[in-house]
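# Survey of secondary and tertiary structure
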Amino acid sequence: MTPVLEVRDVAFNYPDGTRALQALSLGFARGRRTALLGRNGAGKSTLFALLNGIERPGQGAVLFAGEPLAYDRGSLRRLRRQVGVVFQDPDTQLFSASIREDISFGPVNLGLTRDAVSQRVTTALSAVGLTDLADRPTHALSYGEKKRACIAGVLAMEPEVLILDEPTAGLDPPMAAELLVLLNGLHQQGITVILATHDIDFAFSWADDIGVLQKGTLAFSGAADDIEAVERCFPQLGLELPWVYEVFRQLQSQGAIRGDQPPRSRAELLARLQA
Ligand SMILES: Nc1ncnc2c1ncn2[C@@H]1O[C@H](COP(=O)(O)OP(=O)(O)OP(=O)(O)O)[C@@H](O)[C@H]1O
Ligand SMILES: [Mg+2]
């Protein structure tokens, strides 16, 4: 099946000559949840900027639904309707006076009616738990609230692909857990979700597919539940294994847990132990 988004043999240098990506090929299957891992500076945010056409590769191609991106204004507008990116730093994304205005901006630009815009804003605000702060100036929000406002702004565009750059960074644990529920709800609606994170445990509890970038290249790509591949590759990459996988292996060696499939979360591990 054609990936919904794909980079083929992409290289990208910043204007100062920094080589951010090289010989990078990676496809994102439609409807899947992908978590991208990688050290600071590995190229995750740069890849996201290429995926919605903010940056253009120096070499190789970026494809949406099998078609190479075109970089004229009209094509980029159409692309960004389908591929929404929530950036790492919320201050670069919020620019309107209030949250409500900020979230309305995209839907208004789509040419929707006032009622349709208002409907989308209400739904997006409620999805991220910001209904009560809708009319608060964006500068008078906490970091986590700004982060959620950015997510709402992208949700209101109802994109086919949702890309989030470190969405849980700065969120308290209950809020991060709620975000997970929200993302899984979107996944169930058929939306392709791609995120970058430094939280290995979160990545493995949530994702279908895992990718690891290292110095601008793809160092690992595979299914999150392929415990053997993960055990083979992660130590070589200097990455820790998810703790549930380590505990699972210990329990397996003691005959205390059955099956070859690792549990993916604390809840699943506990349920398997009680079964
Ligand atoms: N505007 C820029 N100008 C020059 N170099 C840049 C710029 N933005 C990023 N870089 C460099 O490009 C490389 C990739 O950076 P990128 O931000 O994509 O990494 P990242 O994986 O998102 O890291 P982090 O986990 O810290 O967010 C790094 O070497 C970084 O220093
Ligand atoms: Mg980044």
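Not measured: the values here are computed from a predicted model.

## Thoughts on the domain arrangement of the chain
Domain boundaries in the chain define domain 1 (5-94 + 158-240) and domain 2 (242-275). For domain 1 and domain 2, the distance between their C-alpha centroids amounts to 28 Å. Between domain 1 and domain 2, the residue contacts involve seven residues of the former and seven residues of the latter. For the side of domain 1 that touches domain 2, the element with the most residues is helix H7 (residues 200-206), which contributes four residues. Tallied by class, residues from the side of domain 1 that touches domain 2 come to four nonpolar, one polar and two charged.

## Some thoughts on the nonpolar core
Ranked by size, the top nonpolar core spans 63 residues in total, and within it Ala124, Ala152 and Ile163 carry the most contacts. No other element matches helix H5 (residues 143-155), which puts six residues into this core. Excluding residues that lie within four positions of it along the chain, Ala124 makes contacts with Ile103, Ala152, Leu155 and Ala156. The next biggest cluster of nonpolar side chains, apart from the first, holds six residues, and it includes Ile227, Val230, Phe234 and Val244.

## A short note on the site of ligand 1
Taken together, 13 residues form the shell around ligand 1, and within it Tyr14, Asn40, Lys44, Ser45 and Thr46 come nearest. In terms of residue class, the shell around ligand 1 is made up of three nonpolar, eight polar and two charged.

The rules behind the values
- Residues numbered from 1 in each chain as written.
- Chains lettered and ligands numbered in written order.
- Predicted model: local features only at pLDDT ≥ 70, side-chain atom pairs only at ≥ 80, totals over all residues.
- Domains from an automatic or database assignment.
- Contact = placed C-beta atoms within 7 Å.
- Helix = DSSP H or I, 4+ residues; strand = E, 2+ residues; numbered from the N terminus.
- Nonpolar A, V, L, I, M, F, W, Y, C, P; charged D, E, K, R; others polar.
- Core = buried A, V, L, I, M, F, W, Y, C linked by C-beta atoms within 7 Å.
- Buried ≥ 20, exposed ≤ 12 C-beta atoms within 10 Å, placed from the backbone.
- Near = placed C-beta within 6 Å.

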